[in-house]
Structure formats: structure tokens, C-alpha cells
Amino acid sequence: MMYLRQRKGLKPIELSEDFPAQEENGKLENKLPTGCTSRKFWKILSFTIGAATALCIGLLTSVYLATLHENDLWFSNIKEVEREISFRTECGLYYSYYKQMLQAPTLTQGFRGLIYDNKTESLRTINLLQRMNIYQEVFLSILYRVLPIQKYLEPVYFYIYTLFGLQAIYVTALYVTSWLLSGTWLSGLLAALWYVTNRIDTTRVEFTIPLRENWALPFFAIQIAAITYFLRPNLQALSERLTLLVVFISTFLFSLTWQFNQFMMLMQALVLFTLDSLDMLPAVKVTWLYGIQIAGLLLVCVLQFFNSMILGSLLISFNLSVLIARKFQKNLKTGTFLTRIRKLLLHLLMVFCLTLFLNHVIKKILNLKSDEHIFKFLKAKFGFGATRDFDANLYLCEEAFGLLPFSTFSRLSATLLLYAYIFVLSITVIAASVVAFHKLSDSGSQEPEGKTGRYSIDLKPDTAYNLIHTVLFGFLALSTMRMKYLWTSHMCVFASFGLCSSDIWGWLLKSVRLHNPKGICIMRYSVPALTLLYLCCKFWPGVMDELSELREFYDPDTVELMTWINSNTPRKAVFAGSMQLLAGVKLCTGRTLTNHPHYEDNGLRERTKAVYQIYAKRSPEDVHALLRSFGADYVILENSICYERRHQRGCRLRDLLDVDNGHVMDGPGENDPDLKAADYPRFCEEIKRNPPPYAAHFTRVFQNKTFHVYKLSTNK
């Protein structure tokens, strides 16, 4: 197991880095001279200060996260094998391809090794560029080869510094989005500071560096900022075209770097669909955004050698269905209130049915089963029947795929983010409801985008988009904890925008009959300024303590295992074991694997379940035959899985295997009536006693407190 322990004989080092000063943006924007020249000068000065602050806060966040990573692991001082082991689970698998490209004699051979890979899955040759989203590793390896930095920067540092650099872009994009929505860069500063003070819930980059989402989310944030600007009314043609180009590039890069891109963009398409149906966004702009999503995915599909999972995605089926349904319902946005409601319901039904039909047809044509485990998981998660499916239960039993824990809300409340978010969300939801009702009731009149005439409420299209975006991604985060990072970062943007928005304060003050321009100005600058002051006073000491706390990587058992494999096994040896451990085996030793953590392939899921019979109640003959069918020479057993206590009964890996095999589970508790007692003891326990049936097929060649390695006999 891997641990973090206090460093011995080291004194904390005091850091003298300060947060950026909090300038009073209000004085620059509101005490403007009457002359046009002076007004323009102050506007340019304010913009310059805001842009400089955005760059500074982005860079400081990047340095802060990189420092935490160094302090937690003492990364600069540990051995190379320890650095690689610190890239846990699938992180190690992805990094191994960067390492593989750098070790290849030429770039051509490196590419060929990825396209015709026979070491990631034994007895198979797979195209890694088609199966996985690893173009970022390919790009970085090419850059490292080309740039004259080999003498000054180790490959691993080039890799991790790139990821921490993307965090600077991420925070800057959040800053810009909030600034665009509110009209003041003070909002962006507050969003960035909330992102940092809620770091536990907004990012996990410092301990899962190569994770796909850490590559993808910065581009997603850029895309949201670009869409926010694109939805502004009365944009000049050139500005509109350039913004669409940014939206397309960021959508493409987001899709290229994360295998779950299609599900996130489906949520985004639902946002557009909702607002378009309620006539709260310009239909032409929505059509452009639908088209960009499809074009971005199709381009990624081409680069991934026509990955069938992309072609069979719900996003493509949904977007095509919406565009087709529009052709059949051209008068959707006309008629009385009740007529509009009936048309909307019919439109919704038509799009839903057409989406399912198109998706079913595409999957039948492509014989696509790669994503069926996700739909089995969703079906079981939302209560549409219990399941014994091993893959679905593997997800259901992981905390990351469970409901968002209540402790998250207490942490968000401590920084005032949750309170500000609920305050802003409540007001904008009420305003959006009024606007939507007016649009449906008075569809015949032509008004500017977002205007509601007699109701005196102006919900701008960019505000409406970000409102529905935060609501839908909020529901996603509440249902699946792993997706909270998509929501919490946008919470920072949305809450800070609301506290600095003249519209929000105008609606609120008007409701209590205190509306006046000076009052709005005071509220939109004083409240965020006081919030910034509170955050700095409360969290500055904690940040300094974090930066002064020094720990080090400590996982001697895994280091010993990897060292033994490198020294005592053939280079072409095939290893079987848990997905998480085997990713590290490939990175640290370069040995061939039977299975790995990239779970988006039906054949691999079946193979993984077969390999996991080492933790089930199966005969040694059965286990040996299964492992040898995948070409395994060695099998690694982990005590942490065999004697697992982290999960409750029914969610331990051995329990999932027992139920899938029709066997009763271990320990006190209920079992389904159709489950039966197994004919054999648990393999991972019995093999350690080394009785004759086991000794005939398996020979122990290595062991320590955590791992047991057995060599398989080649006798048939």
C-alpha cells in the first residue's frame, strides 16, 4: 500500500509568496470623468488591470498546486520507480504511453508501437490511438523530443508541469467567464479565489495528474467562456466568427482528451435544447453550437480511427434528432400558451423517440457494445431494477460513483460559496421562470434577445445558458460524486457573477422597493469585496500551513515488487492481477498485461472478470486454465483485495464475484435464496497454504506483506 509520512530531519521552510492584492475595481469603473477620452482611458486601464490579474491568479494557482504535489510526495527526491508508482491506477497506464514514445528509437516506431500494441492486452494486438484518448501523451512526447530541453528538464517534469500549466488556463477561463457575465473583473477574482479555497472539491490534479479529466476540463472551461461570449446579442460578424472558431477548437480538444466527453456534451446539448424550446436563445446560434458539437466529435472519430463508441454516442443521435424535428415542427414557437405547451410536449416526445431510434439503429449497424456497462450502471443506480451484473455493481460499489456526500456541502459553506450560490441561483431561477412564462404566453411579439417588455426583467441569453448549465451539472454531481468537479468549478463562476451583477441586485432591490443606481453600485462592489476580505483572512493561514507541511512518498512493498519483477522475470513475461496494480506494472517494468483499467471495451471487461476469479471460490484447475487462456505467466495476489475491509459486505470484490458465480457471500448476513455454497474454498486464501492441487499449477516466487506472486506451470 502507498502512504504519505512526515519527512525525517527536515524543518519547515517558510514561503513568502503572497496572494495578489485586491484592487477596488468599482472606483475605476464608476468614478469616470465626463470626457469621452478620459472615460475610454479608464475603461482601458480597468481592462488592463483585470487581464493582468487573471494571468497572475492563474499562474499563482498553478504554482500553488505544483508546490502541494512536491510537498506531499517529495517528488524531486524520490527514485524514478517511486515517481512512477505515485501515478496510481489508470494514471500510470496513460503515463506509460508517454514513456513508451520517448523510449522508441524514432517517432515512426513510436507511432507504430501504439497502433499495433501487443503488450497492453496479452495475445491481442490493439490500436491504442483508437481505443484510448492518449493523443496528449503523443503530442507531449513529440514536443519533448523536438524542444532543446532534455539537458535541463526530465521527461516526468515536462509532463507534470504541462498539466499544472493547464490549471493556470483553467482558472483563467473561469475568471473570464465570470467577468463576461458580470461586467467586472472583481467577479473573476472572486471566482478564482473560491476555486482555490475549495480546492478539495474543485480539483484533484495534485494527486491524479495524468487523469483524463485534468487534460479535458481546462478546454471545457474555455469552451464555456467562448459560448458565454458568443451568446451576447449584437456581436459583430468578425467577432462572432472568431468566437465560433474558439468554441470549435476547445470542443475538439475537450473531446480528444477525455473518453467521457460525449456524456458531458450531451448535458450541454440538453441545456441548449431547453433554452431553444423556451425561445430564450437565438435559434441560429443554437444550430451553430449543435453543429460544432457534431463536427468536433466526428473529427475526433476520424483521429481515433473511426472509434465506434463515438459514432454510437447519444450526443450525435440527440443533436441529429433535434435538427430533424425542427424541420417537421416549423411553427413550434407560435400560438397561445396552451398551444405552445402542447407543441413543446410533442416536440420533446418526438426528439426523445427519434434519439432512441437513431441510436439503436447505429449501434445495431456497428454491433456496438462498448458502452453498455454504463447504461446498466445507470439503470441500476436510478432504481430501474436490481442487477447482478458484475460490471454495473463494480461501479455502484465505488464511492466515486455514489451520491455526493453531505460533507461536501459543509466544506462549501465554510467558504460562503454554497450560500452565495443558493442566493444567486434562487433569484435567477425566479427570473428565468418569469421570462419563460412570458415567452410562452406572448410568442407573437418580436423583442430583443432576453427582453421581457412589460415584466421589466432582462435575462440575457448568456446568463440563461449558464443558469441551466449549472442546474443540470448540479443534478449530475449530486447523483455521481466523481462528476462534482464539473459542477463545483462552475459554482464558483455562477456565485461570483451573481454577487457582482447589476441585474441580480437590481431585481432584488426592486422587489423591496429600494431600487436606485447608486444602491446597485454599492451592493455589487461592497458584497464581493467583503467576501474576498473574509476568504483571505480566514484561509490565508491555512494555505501557509499547507505549503509548509512536508511529507514524502512511502510505499516500500510496491517498490520491492516492481524491483523484483524488473530483476527476476523475462521482458516478455505476461502478468495477471488487478486492473489498478497492472497499470503500475506496465509503467514501471514494461511487462505485458492480461487486463488494465481502461474499461471501455466489452472484450476487456469479460477478460477482467475472468482474471478476477483469483479472488473467487474456484478450483485451482479452473483458475489456471482461465489465466493460461490469456497467456499469463505470473499472477499477483493482493492481500488488500483478498481480505478487503474497505467496502461493506455485498460490495467487496470477492462478494461481487461470489454473487456473479451464484455462490453465497462470506460472513454474517443475508443471501439471495438462489445462491448456493461453493464447492471450493476461496482461491486467494487457499493457495497460500500450498496444498498439492495448487502446488501442481502454481509456484510462489515472491512475497511480502502486501503481495504474493505465483508462477503458472505450463503443463496442460
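See the structure shown above.
If you're wondering where the values come from, they're calculated on a predicted model, not measured in any experiment.

Engineer: Tell me about the sheet that holds strand 5 (residues 634-638), and name the residues and values.
Structural biologist: Strand pairing in a sheet relies on backbone hydrogen bonds, with the paired strands running either antiparallel or parallel. With mixed pairing, the five strands of this open sheet are ordered in space as 4-3-5-7-6. Where the open sheet ends on each side, the last strands, each with one partner, are strand 4 (592-593) and strand 6 (698-703). In this structure, strand 5 lies alongside strand 7 (residues 707-712), joined through five bridges in antiparallel fashion. Paired with leucine 637 across the strands is histidine 708, a residue of strand 7. Across the sheet, helix 26 (residues 556-568) is in contact with strand 3 (574-576), strand 5, strand 6 and strand 7; its angle to strand 7 comes to roughly 25 degrees.

Engineer: With reference to specific residues and values, describe the pattern of salt bridges.
Structural biologist: The final tally for this structure, using the stated rule, is 28 salt bridges. Among the salt bridges present, the one from aspartate 201 reaches arginine 411, with a minimum N-O distance of 2.7 Å. Of this pair, aspartate 201 sits in helix 10 (residues 199-202) while arginine 411 sits in helix 20 (residues 406-414); the two residues are 210 residues apart in sequence, bridging distant segments of the chain. Given the relative accessible area of 1%, aspartate 201 is considered buried. Aspartate 276 is paired through a salt bridge with arginine 326; the nearest N and O atoms lie 2.6 Å apart. Separated by 50 residues along the polypeptide, aspartate 276 in helix 13 (residues 261-277) and arginine 326 in helix 16 (residues 314-328) bring together distant segments of the chain. There is no split in this pair, since aspartate 276 and arginine 326 are both buried. Within the structure, one salt-bridge network assembled from shared partners comprises Lys617, Arg654, Asp658, Asp666 and Arg682.

Engineer: So what's going on with a nonpolar patch on the surface? Which residues, and what values?
Structural biologist: Taken together, Leu238, Leu242, Leu245 and Ile249 make up a surface patch of nonpolar side chains, about 380 Å² in accessible area. Tracing the sequence through the fold places isoleucine 249 in helix 12 (residues 237-257). For isoleucine 249, a relative accessible area of 41% corresponds to the partly exposed category.

Engineer: Quick rundown of the environment of isoleucine 224? Include the residues and the values.
Structural biologist: By the element assignment, isoleucine 224 lies in helix 11 (residues 212-230). Using a relative accessible area of 7% as the deciding quantity, one classes isoleucine 224 as buried. Placed 123 residues apart in sequence, isoleucine 224 and methionine 101 show a C-alpha to C-alpha distance of 33 Å. Not counting chain neighbours up to four residues away, the residues in contact with isoleucine 224 comprise Thr177, Gln268, Tyr465, Asn466, His469 and His490.

Engineer: Could you give me a rundown of the state of the cysteines, with the residues and numbers involved?
Structural biologist: According to the stated counting rule, one finds two disulfides in the structure shown. Here cysteine 397 is linked by a disulfide to cysteine 651, with a sulfur-sulfur distance of 2.1 Å. Since a negative S-S torsion denotes a left-handed disulfide, the cysteine 397-cysteine 651 link at about -75 degrees is left-handed. Taken together, the positions of cysteine 397 in the loop between helix 19 (390-396) and helix 20 and cysteine 651 in the loop between helix 30 (639-642) and helix 31 (653-660) put the pair 254 residues apart, joining distant regions of the chain. Exposure remark for cysteine 397: the relative accessible area of 11% places this residue in the buried category. Numbered by order of appearance in the sequence, the disulfide-linked cysteines of the protein pair as 1-3, 2-4. Of all cysteine sulfurs in the structure, the one in cysteine 536 sits closest to cysteine 56, which takes part in no disulfide; the separation is 15 Å. The cysteine cysteine 588 is free of any disulfide, with cysteine 91 supplying the nearest cysteine sulfur at 13 Å.

The rules we used
- Residues numbered from 1 in each chain as written.
- Predicted model: local features only at pLDDT ≥ 70, side-chain atom pairs only at ≥ 80, totals over all residues.
- Heavy atoms only, no water.
- Pairing = 2+ DSSP bridges.
- Helix = DSSP H or I, 4+ residues; strand = E, 2+ residues; numbered from the N terminus.
- Contact = heavy atoms within 4.5 Å.
- Axes fitted to C-alpha atoms, helices over the stretch in contact; angles between N-to-C directions.
- Salt bridge = Lys/Arg side-chain N within 4 Å of Asp/Glu carboxyl O.
- Buried < 20%, exposed > 50% of the residue type's maximum accessible area, 1.4 Å probe, protein only.
- Patch = residues over 30% accessible without salt bridge, like charges linked within 9 Å, V, L, I, M, F, W, Y side chains within 5 Å.
- Areas by Shrake-Rupley, 256 points an atom, 1.4 Å probe, with all protein chains shown as cover.
- Disulfide = S-S within 2.5 Å.

Take it as geometry only, folks, not as evidence of what the structure does.
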